[in-house]
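Take a look at the letters that make up each chain.
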Amino acid sequence: MTEEPRADEETRPRRVVCTVPTFNESMNILALSRELLDLGPEYQVLVVDDDSPDGTWRLVRDAALKEPRLHLLHRTEDRGRGRAGRDGFLRALEMDADIVIEMDADFSHHPRYVPLLVERLCRRGSEVGLVLGSRGVEGGHDAERGLVRQWVTLLANLYIRVILGLPVRDCNSGFRCWRRETLQAIDVGKTFSEGPAIVQELLFKTARRRIGIAEVPIEFHNRAAGESTLTLRKLLKGYFTVLYLRWLALTGRI
Ligand SMILES: Nc1nc2c(ncn2[C@@H]2O[C@H](COP(=O)(O)OP(=O)(O)O)[C@@H](O)[C@H]2O)c(=O)[nH]1
Ligand SMILES: [Mg+2]
C-alpha cells in the first residue's frame, strides 16, 4: 500500500541549486556557502567565478573536495556578471535543479530568506514561476543606505517599471528564486546582457510570457566585506538596456 504524501512533502522541492556569481569574494564565499548548505540536504551551491584575482575560485575548489554539495564553475573567458549569471543558470539546469536561486555572495541577500522564497514559489495553488526578494513591498527595505541612495533606487525602479511596464516593486533585486520551467520558458541560454542588466532582461522576459511573479520582503544590507564591482558606466549601460528591451518588444523580437 502506498502512503499518501503529507501536505508539506508534496510541495517540498527535490533539488534547490543556489547559484552565486563571484568576483573577488574570498572574504564572503565560504561563510555564505556554509549557511546555504545548512538549510537542508536538498540544497546545492554553485559558485560561478570569473577567475577572481583574489583566488575565490581556489577556496571553493578546495572546499568542494570535502563537500559534495558545493560546486564550482570556473570561467576564464568572456567575463561579466551577466555572462556568469547565464552560465550559472544553464549549469544548474544540467544539475537537474527543480528550483534555482540566484544571489550575491556579499550577504546583501541573507540566506535566512532563501527558505521563504522557496516556500512562496512552492505554495500550493499559486501560479508563480518566479519569486523576488524585494525591498519594495511592505516589510522589505534597504537597511544602512542613506536617503540619497534610497531615492536613486526608488527613481531607478520607477523608470524601469514605467518603460517596461513591469508589475513588480523591486526591479533591481538580484535575489531571485526561479522555477526550472520558467528558466526554460525564457530560454535563459539566449540571455544577451553581458553585465548586471541581466537582472532586468530576465525579469522582462518572464513578465512578457505572463509567468506569475511574486515578491517576498527582505531587508537588504550593504555588502559584508569586499568591494562592489558596480561602476557608473555599468549603471548607465543598464539604463540603456532597459530602452533596448522595450524596443525589442515593440519590434516583436522578445
Ligand atoms: N562571476 C562574476 N561575478 C560578478 C561579476 N561582477 C560582479 N559579480 C558578483 O555579482 C554579485 C553582485 O555584484 P556586486 O559587486 O555586489 O554589485 P552590487 O551589489 O550592485 O554592489 C556579487 O556576488 C559579485 O561578486 C563578474 O564580472 N563575474
Ligand atoms: Mg552586492
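Further up the page is the structure itself.
A quick note: this is a predicted structure, and the numbers were derived from the prediction, not measured.

## Some remarks on the site of ligand 1
Right, on to step 1. In the neighbourhood of ligand 1, 19 residues make up the surrounding shell, with Pro21, Asp50, Ala84, Ala105 and Ser228 lying closest.
Right, on to step 2. Every element with two or more residues in the shell around ligand 1 is listed here: strand 1 (16-22), strand 2 (43-49) and helix 4 (81-94).
Right, on to step 3. The residue makeup of the shell around ligand 1, split by class, is six nonpolar, five polar and eight charged.

## Looking at the nonpolar core
Right, on to step 1. Among the nonpolar cores identified, the biggest contains 57 residues, and Cys18, Ile99, Val100 and Ile101 are the most heavily contacted of them.
Right, on to step 2. Residues in contact with Ile99, not counting those within four places in the same chain, are Pro13, Val16, Val118, Leu121, Cys177, Trp178, Arg179 and Arg180.

## With respect to the sheet that holds strand 2
Right, on to step 1. Spatially, seven strands are ordered 3-2-1-4-7-5-8 in an open sheet, and the strand pairing comes out mixed. The sheet is open, and its two borders are formed by strand 3 (70-74) and strand 8 (213-217), each paired with just one other strand. Between one strand axis and the next, the sheet turns by 20° as a mean value, whatever way the strands run.
Right, on to step 2. Pairing geometry for strand 4 (residues 99-102) and strand 7 (residues 176-179), over four bridges, is antiparallel. Bridge pairing in strand 7 places Ile99 opposite Arg179.
Right, on to step 3. In the packing of helix 4 onto the sheet, the strands contacted are strand 1, strand 2, strand 3 and strand 4, and the crossing angle to strand 1 comes to about 160°.

## Thoughts on the packing of helix 8 (residues 198-208) against helix 9 (residues 232-250)
Right, on to step 1. Remark: helix 8 packs on helix 9, axes separated minimally by 10 Å, with the N-to-C direction vectors making an angle of 25°. Here helix 8 is positioned roughly parallel relative to helix 9, judged by the angle of their axes. The interaxial crossing formed by helix 8 with helix 9 has right-handed handedness. Contacts between helix 8 and helix 9 pair Gln200, Glu201, Phe204 and Arg208 from the former with Gly238, Thr241, Val242, Leu245 and Ala249 from the latter.
Right, on to step 2. Classifying every residue of the contact of helix 8 with helix 9 gives four nonpolar, three polar and two charged.

Conventions adopted
- Residues numbered from 1 in each chain as written.
- Chains lettered and ligands numbered in written order.
- Predicted model: local features only at pLDDT ≥ 70, side-chain atom pairs only at ≥ 80, totals over all residues.
- Near = placed C-beta within 6 Å.
- Helix = DSSP H or I, 4+ residues; strand = E, 2+ residues; numbered from the N terminus.
- Nonpolar A, V, L, I, M, F, W, Y, C, P; charged D, E, K, R; others polar.
- Core = buried A, V, L, I, M, F, W, Y, C linked by C-beta atoms within 7 Å.
- Buried ≥ 20, exposed ≤ 12 C-beta atoms within 10 Å, placed from the backbone.
- Contact = placed C-beta atoms within 7 Å.
- Pairing = 2+ DSSP bridges.
- Axes fitted to C-alpha atoms, helices over the stretch in contact; angles between N-to-C directions.
- Parallel < 35°, antiparallel > 145°, perpendicular 65-115°, else oblique.
- Left-handed = near helix turned anticlockwise from the far one by under 90°.

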